[in-house]
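What the coordinates show
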Amino acid sequence: MAYPQPHIVPARIRVPATRGLRRERLLGALDRLWDHRLALVVAPAGSGKTTLLSQFASALEGPVAWYTADGSHAEPSVFLSHLEQAVCTAFGDVPRGWESEDAAAQSLEGWAGTRGLVVLDDLHALEGTPAEAALERLIDYIPPNVFVLAASRRTPGFNLSRLRVSGALLEVGSDDLRFRSWEVERLFRDIHGEPLTPEDLAALTRGTEGWAAGLQLFHLATRGKPVHESRKILAELRTRSRLVREYLARNVIDELPEALRAFLLDTCVLDRMSGRLCDELLGVSASELVLEELERRQIFTYGLEEGWWRYHEVLRSHLQVQLVQTVGEAEARERYRRAGELLETAGAVREALQAFCRAEDWDAVDRLLGKEGELLADGPDGWLDLVPSDLREDDPWVLLAAARRERARGRWHPAQEAYQKAERAFGGAGAAEICRAERQALTSWMEPAFVPIDTPSGAVRAAVSREPLRAKGSWPGAQGALARGICSLLAGQVLDARPVLLSVGDHPDASPSLVAGARLAAALAAMLAGDPGGERETEAAAEEAEHLGILWLARLSRASLALSDRPDGASEAAAARLAGERRGDQWGTSLAALLEGMGALRIGGSPTAVLDVAVQGFRHLGAGTLEAWARSAHALAVARTGTPEARQTALQAETFARAAMVRGAQMIAFLALAQADPAREGEHRAVAMEIANECGLALPEPPSATQAPSAPFQIWCFGRFSLTIDGKAADLSSLRPRIRRLLRLLAMGAGAPIHREVLTEALWPGADPETGGRNLHVAISTLRRVLEPDLPKGAGSLILREGETYRLALPEDTFVDVLELDDRLVAARGALARKDAETALTEFRRAMAFYVGDLLPEEGPAEWIVGERERRRLDVSELAGALAEALLVAGEPGEAAWVCRRGLQVDRYHDALWRTLVRACDQAGDPVASARAGRDYQALLLELGLPPSSNSQSESDVGVDPDRALNSS
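What you see is a predicted model; the values in this text were computed from it and never measured. (Residues numbered from 1 in each chain as written. Predicted model: local features only at pLDDT ≥ 70, side-chain atom pairs only at ≥ 80, totals over all residues. Heavy atoms only, no water.)

Let us look at unusual backbone geometry. At Gln298, a position not held by glycine, the phi torsion is positive, near 60 degrees. If you trace the backbone, Gln298 turns up in the loop between helix H15 (287-296) and strand S6 (301-303). (Helix = DSSP H or I, 4+ residues; strand = E, 2+ residues; numbered from the N terminus.)

Structural data, given as structure tokens:
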């Protein structure tokens, strides 16, 4: 008997077009679906499930059937009709007539495709219905070339334990979907175009716990508003936000039975819950069953260790406001006091303290701090925000906890002040020694002249200063293992470092923070050894560090991705470097600059300016070991530019690395010598290879044949601005930002005259001519005083005024990276016009050695630089497209793929490059790379709100005419 066919709404069987941040972390997790049969994404409302499924589905090569469930589809006939229409539309040659699960499975068995995906969104709409049971049976029956991806607000009633045991189930939960701090930063910077300050970023991430809907609601509420209004909205997000209240009411609270709503309201006074605790609070029984039901329903309720639960911060804050509105402030305080007593009795000391603070029971707070202060200060610090100001200033345990919080956030000067206050507050008590030891350990990182104390931490500080292997020591336990591993890593001995670092977690005294630090160090060792698995370990280290609130370690983890093959690795490191500069965090700035520079070296760049930041920073910090790494990397970058001082720079770097006993840095210095001293290239490279084999290091990619002409004056504008005079970088640190902008304006002119009105408008927009002229005169004089002492003896003024114009008076042989890039691109175009792909490729490689980052990134979106920046991007990407096509014609698909990737690093929105990249990977016989490029391309289309290409690979076969591409705009 055939079932009647229901009306099918097309939108329910169509992949929705969604915009949003593409999170590689989650898409990579879903990509493991092909090793299973079913992937299940279960998370509360507003967690970003549909966006994730849509991004994954849109980027796939191959058929994808999409079905959005609805409560009216409870009958198997209706459900199967919708699923049949979705599958037959997407898969093409599948027989119809799905009257039962058996018939559906039989139809799918006849499908001849290699791999197909069925996506089911809003699966919770079928909860407990015959349709859900029919789906479970169908999943059991489907053939091995068909996979199912489903999303639900609640765990479906399937026999999941059987699927887990058989290896058929891949699970993604609410914690996986939670936005991490770096993802929040990218969301507001790249998608919303409204970058947040570090403080607002931390507060938003903490306040929403990375809940996608909360982040979107904050964006909607603050879009276009001034900073002070946005911060007010941020402060009220969890408690007074109308948008949040309406969302939770409509999508969470109103769907619940009255008994569950009452339970949520009555138990929101407990930051941490167990069944027994709720029973005692409410005077009932069987609360544990209620908590299990809330967790199963995904009502923002999360199981902790065995028998304990908590509510999501956004839901709990919403309920707490409702509680006061319902029972009044006095009754609410009494309920918090009772909750505090129960929590204290249960041993949940931190949660008890928070409850007493909300009850305003300050006697109980004082008592608990005096009794359990050491425990409270050594752990999560959420309770600090609830403690009244007098306790924050006077109580020693509160001061110690505050010091540790500042240290974890990388705010070392405030941390040191808090340690000193805590030490004074403890007086003669034994805990004062804890403050003193931690303060001294911190001081050793802040003051280069400070002698490290005889501890594992002190050994690491000594290793950072010089001769890392001599500082290894033999301390026991997790701290000793971590110190030994880091000492080996600093020396470049990654073969020795990695197993020791991986063993840290095996020690019984290993704290979570030590394990997170060891994990990052082990990941760095893996990436320096050329192990691609280091990327995944780095991501995991970042996750752990953020979970623990060690924000500086999380930022360093993200910067470390510059050493991986991640396309956004360089931007992650650059973002960390710029954030460090804004915070005045010299350690963070210098480490991120080193990682950014070494990442650029891996792809053939010559990032001299950013590595100079690392060299100067580590020298100021007294970090000789890290300075050796930075100096050697800088020497290799200089060698790639071909400047006359390259050999001397490399010799000095090798001498410095040898004196500091840093073998890894020596290896890089010998690579620089091989580049700078062609007569002895083989000898130097052989030494570098010997050291690499000894240490287990991977050599950076061989340099391309670039290079800058011999020049006493050099101007670098890509990646970071710098001016070099006779081999010495001009010190611009004393210049005010506006004076530095004036220098960059003149430098971009490369000796050409610039009218004073152009300068004044860029520097003082809207100023009247007289004021602008006076300001410009003062600025030019200031700039001359700083620059001209660095001029060679007998040279004239560096800045000349000619009538109404100013220009830099540069010798004819001055090197300017912008001009050099333009010349190399012109040469490459000429070679292409002559059908000489080999010469064009050589010139393109030379050009890209100079394009190590955006043009003058310090200027941000300043109107005067945007046009120049975009013109270079277009020049590079258009040439890359034409060159890649020519290389494919010449039978060089591997080179063509490299050119495409390099072009996309400059302009990721260049459509033709994506298509050519897919084709080049195919022709090179690399189907994995082809599939990945195709997914990335489809994801980009989705991000831009464009319809995904049905078959990007076949469409790209049409090709691009090189001559026409060169002339297009």
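And the narrative resumes.
Looking now at the sheet that holds strand S5 (residues 169-172). Spatially, the five strands line up as an open sheet ordered S2-S3-S4-S1-S5, and their pairing is parallel. Only two strands of the sheet have a single neighbouring strand rather than two, namely strand S2 (64-68) and S5. Here the strands of the sheet are splayed against their neighbours by 15 degrees on average, with no regard to which way each runs. Bridging between strand S1 (residues 38-42) and S5 involves four bridges; their strand directions are parallel. Along S5, the bridge assignment pairs Val41 with Val172. (Pairing = 2+ DSSP bridges. Axes fitted to C-alpha atoms, helices over the stretch in contact; angles between N-to-C directions.)

With respect to the helices and strands, the residue Glu351 is situated in helix H18 (residues 349-359). In contact with Glu351, not counting residues within four places along its chain, are Asp271, Arg272 and Leu343. (Contact = heavy atoms within 4.5 Å.)

Those residues of helix H13 (residues 258-267) that sit buried are Leu260, Phe263, Leu264, Leu265 and Thr267. Residues of H13 that are buried in the fold lie against helix H14 (275-282), H15, strand S7 (309-311) and helix H16 (313-327). (Buried < 20%, exposed > 50% of the residue type's maximum accessible area, 1.4 Å probe, protein only.)

Checked against the element boundaries, Gln320 lands in helix H16. Within the structure, the side chain of Gln320 is placed 3.3 Å from the side chain of Tyr336, a separation counted as a polar contact. In this structure Gln320 touches Cys268, Asp271, Tyr336 and Arg358, once residues within four positions along its chain are discounted. (Polar contact = N/O pair within 3.5 Å; in protein donor to acceptor, adjacent residues only side chain to side chain.)

On to the sheet that holds strand S12 (residues 799-802), then. Adjacent strands of a sheet pair through backbone hydrogen bonds, lying either parallel or antiparallel. Here three strands make up an open sheet; going across it, the order is S11-S13-S12 and the pairing antiparallel. In this open sheet, the two strands that pair with only one neighbour each are strand S11 (754-755) and S12. Pairing between S11 and strand S13 (residues 805-808): two bridges, direction antiparallel. If you follow His755 over to S13, its bridge partner there is Thr805. Helix-sheet contacts for helix H37 (residues 737-749) involve S11, S12 and S13, and the interaxial angle to S13 is about 80 degrees.

Our focus in this paragraph is the packing of aromatic side chains. One pass over the full model with this rule turns up 12 aromatic pairs. A ring pair is formed by Phe91 and Trp111, whose centres lie 4.5 Å apart and whose planes are at 40 degrees; its orientation type is tilted. Of this pair, Phe91 sits in helix H3 (residues 76-91) while Trp111 sits in the loop between helix H4 (101-109) and strand S3 (116-121), and the two are 20 residues apart along the sequence. Judged by relative accessible area, Trp111 falls into the buried class, the value being 7%. Aromatic side chains Trp211 and Tyr247 sit 5.5 Å apart centroid to centroid with 75 degrees between the ring planes, which places their arrangement in the edge-to-face category. With Trp211 in the loop between helix H9 (198-208) and helix H10 (212-222) and Tyr247 in helix H12 (residues 242-251), the pair connects residues that are 36 residues apart, well separated along the chain. Among the aromatic side chains, those forming a connected cluster through ring pairs are Trp34, Phe56 and Phe147. The ring of Phe179 has Arg23 lying over it, and the distance from NZ or CZ to the ring centre is 3.6 Å. The ring of Trp308 is capped by Arg272, whose NZ or CZ atom sits 4.7 Å from the centre of that ring. (Phe/Tyr/Trp six-rings, centres within 6.5 Å; stacked < 30°, edge-to-face > 60°. Lys NZ or Arg CZ within 6 Å of the ring centre and 35° of its normal.)

Relative to the assigned elements, Ala635 resides in helix H33 (residues 624-641). Ala635 sits in the buried class, given a relative accessible area of 0%. When the C-alpha positions of Ala635 and Asp509 are compared, they lie 42 Å apart, and in sequence the two are 126 residues distant. Excluding residues that lie within four positions of it along the chain, Ala635 makes contacts with Thr649, Ala650, Ala653 and Ala672.

Time to look at the environment of Leu315. Within the secondary structure layout, Leu315 lies in helix H16. On the accessibility criterion, Leu315 (0% relative accessible area) is buried. Remark: the alpha-carbon pair of Leu315 and Ile253, spanning 62 residues in sequence, is separated by 9.5 Å. The residues touching Leu315, leaving out its near neighbours within four places in the chain, are Leu248, Ile253, Leu264, Ile299 and Phe300.

A separate point is a nonpolar patch on the surface. Taken together, the side chains of Tyr909, Leu944 and Leu946 make up a nonpolar region of the molecular surface, amounting to roughly 270 Å² of accessible area. You can see Tyr909 is positioned in the loop between helix H43 (893-906) and helix H44 (911-923). A residue is classified by how much of its surface remains accessible, and Tyr909, at 44% relative accessible area, is partly exposed. (Patch = residues over 30% accessible without salt bridge, like charges linked within 9 Å, V, L, I, M, F, W, Y side chains within 5 Å. Areas by Shrake-Rupley, 256 points an atom, 1.4 Å probe, with all protein chains shown as cover. Salt bridge = Lys/Arg side-chain N within 4 Å of Asp/Glu carboxyl O.)

Among the surface-exposed residues, Asp363, Asp366, Asp390 and Asp394 lie close enough to one another that they form a single negatively charged patch. Elements that contribute at least two residues to the negative patch include exactly helix H19 (362-377) and helix H20 (389-394). Its place among the elements puts Asp363 in helix H19. (Lys, Arg positive; Asp, Glu negative; His and termini not counted. Charge placed at Lys NZ, Arg CZ, Asp CG, Glu CD.)

Below, the discussion takes up the pairing of S1. Taking burial as the measure, the five residues of S1 include five buried ones, the bulk of the element. Of the two faces of S1, the one lined by Leu38, Leu40 and Val42 and the one lined by Ala39 and Val41 are each fully buried. Bridging between S1 and strand S4 (residues 146-152) involves five bridges; their strand directions are parallel. Each residue of the ladder has a partner; that of Leu38, found in S4, is Val148.

Their axes nearest at 4 Å, the elements helix H24 (residues 456-465) and H33 cross at an angle of 40 degrees. In this structure, H24 contributes Ala463, Val464 and Ser465 to the contact, and H33 contributes Gly624, Thr625 and Leu626. Tallied by class, the residues present in the contact of H24 with H33 amount to three nonpolar, three polar and no charged. (Nonpolar A, V, L, I, M, F, W, Y, C, P; charged D, E, K, R; others polar.)

All told, the structure shown has 67 salt bridges when counted by the stated rule. When the shortest N-O distance is used, the salt bridge between Arg297 and Glu293 registers 2.6 Å. Ionic pairing is found between Glu895 and Arg845, a salt bridge with its closest N-O pair at 2.8 Å. Remark: Arg845 occurs in helix H41 (residues 837-850) and Glu895 occurs in helix H43; sequence separation between them is 50 residues. The class of Arg845 is partly exposed, set by a relative accessible area of 23%. Salt bridges here are not isolated pairs; linked through shared partners, they connect Arg23, Arg25, Asp175, Arg178, Arg180, Glu183 and Glu543.

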